[in-house]
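Secondary and tertiary structure notes
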Amino acid sequence: ATMAKQRRIYSADVVINGGRYSLAITALQPIFDKSQADPSIANRLIFAKIRAGRMKDAAATMELYRRFGHPDGYGYILKAILDQYVGNGKASEDSEKEAILNDPANVGVRFGQAYLALVRGRTAAFSQLILDIGKTECASPIANSLLSARAFLVNDYEEARKRFET
């Protein structure tokens, strides 16, 4: 990867972590437009578009990524989230299975699994997934948000508040 591309990826990671998804999209879209096959660009771009609420745009980007590249485990979990969003539960579950087969230990895949379990109303599965993730990712803001949601679901409001404020 070129230094310019590496700088853009680093910059995109910084703004994504800061919740500035539009800035990440602006930084990554020109690189993706040149080559739709790079998972390091495609995954970040699709994630930023999902978080920015640009679901149709994220789905179109995913289709280009799938046509010209080979999604990795994280790419498949993003596809599962997009499929679930449009109500295509079967395709979402298939993509989730593909993500797990590709990279079961990937923290992004594991977060995606927890999110999908929560969205699908599978609170027991969500609870187990997020407790497992929390063992290794306890400092992560995303983990704390999901652990807060889990605590709220089991009526542990003090733990929910503590995790939410962390």
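For the structure itself, consult the block above.
What you see is a predicted model, and the numbers here were worked out from it, not measured in a lab.

From N to C terminus, the protein chain includes 10 helices and zero strands. When the elements of the protein chain are put in sequence order from the N terminus, they spell out α-α-α-α-α-α-α-α-α-α. In terms of overall size, the protein chain behaves like a compact globule, its C-alpha atoms giving a radius of gyration of 16 Å where 166 residues would be expected to give roughly 15 Å. Counting only residues that meet the buried cut, the protein chain has 42% of its 166 residues in that class. In the form shown here, the protein chain has an accessible surface area of approximately 9300 Å², with 55% of it arising from carbon and sulfur atoms. When the 23 basic and 18 acidic side-chain charges of the protein chain are each reduced to a single mean position, those positions are 4 Å apart.

Turning to the nonpolar core, a few remarks are in order. Ranked by internal contacts, the top residues of the largest apolar core, which has 30 residues, are I46, I50 and L82. Only α1 (3-17), α2 (21-34), α3 (39-51), α4 (55-68), α5 (73-85) and α7 (107-119) provide two or more residues apiece to this core. A total of seven residues in this core trace back to one element, the largest contributor, which is α3. Setting aside chain neighbours within four positions, we find I46 in contact with A58, T61, M62, Y65, L78 and L82.

Taken as a whole and assessed by the stated rule, the structure comprises 12 salt bridges. Of the charged contacts in the structure, one is a salt bridge between R44 and D13, with a shortest N-O distance of 2.6 Å. With R44 in helix α3 and D13 in helix α1, this pair connects stretches of sequence that are 31 residues apart. Classification of R44 by relative accessible area gives partly exposed; the value is 24%. Its salt-bridge partner being R66, residue E63 comes within 3.4 Å of it at the nearest N-O pair. With E63 and R66 both in helix α4 and three residues apart, the pair spans about one turn of that helix. We classify E63 as partly exposed; its relative accessible area is 41%. Here the salt bridges do not stand alone but share partners, grouping K49, R54 and D57 into one network.

Turning next to the packing of α2 against α3. Contact geometry of α2 with α3 gives a least axis separation of 9 Å together with a crossing angle of 145°. Of the two elements, α2 crosses α3, and the hand of that crossing is left-handed. Where α2 abuts α3, its residues Y21, A24, I25, L28, Q29, I31 and F32 lie against I41, A42, R44, L45, F47, A48, K49 and R51. Broken down by class, the residue content of the contact of α2 with α3 amounts to 11 nonpolar, one polar and three charged.

Next up on the list: the packing of helix α6 (residues 89-102) against α7. Viewed as axis vectors pointing N to C, α6 and α7 meet at an angle of 155°, and their least axial separation amounts to 10 Å. In terms of orientation, α6 lies roughly antiparallel with respect to α7. Taken as a pair, α6 and α7 cross one another with a handedness that is left-handed. Counting all contacts with α6, which are made through S92, E96, A99 and I100, the residues of α7 involved are V109, Q113 and L116. By residue class, the composition of the contact of α6 with α7 is four nonpolar, two polar and one charged.

Okay, the side chain of Q84 next. The residue Q84 is located in helix α5 in this model. Residue classification places Q84 among the buried residues on the basis of a relative accessible area of 18%. There is a polar contact of 3.3 Å between the side chain of Q84 and the side chain of S92. In contact with Q84, other than residues within four places in its own chain, are G89, S92, L116, V119 and R120.

The rules behind each value
- Residues numbered from 1 in each chain as written.
- Predicted model: local features only at pLDDT ≥ 70, side-chain atom pairs only at ≥ 80, totals over all residues.
- Heavy atoms only, no water.
- Helix = DSSP H or I, 4+ residues; strand = E, 2+ residues; numbered from the N terminus.
- Rg over C-alpha atoms; globule rule 2.2 N^0.38 Å.
- Buried < 20%, exposed > 50% of the residue type's maximum accessible area, 1.4 Å probe, protein only.
- Areas by Shrake-Rupley, 256 points an atom, 1.4 Å probe, with all protein chains shown as cover.
- Lys, Arg positive; Asp, Glu negative; His and termini not counted.
- Charge placed at Lys NZ, Arg CZ, Asp CG, Glu CD.
- Core = buried A, V, L, I, M, F, W, Y, C linked by side-chain atoms within 4.5 Å.
- Contact = heavy atoms within 4.5 Å.
- Salt bridge = Lys/Arg side-chain N within 4 Å of Asp/Glu carboxyl O.
- Axes fitted to C-alpha atoms, helices over the stretch in contact; angles between N-to-C directions.
- Left-handed = near helix turned anticlockwise from the far one by under 90°.
- Nonpolar A, V, L, I, M, F, W, Y, C, P; charged D, E, K, R; others polar.
- Parallel < 35°, antiparallel > 145°, perpendicular 65-115°, else oblique.
- Polar contact = N/O pair within 3.5 Å; in protein donor to acceptor, adjacent residues only side chain to side chain.

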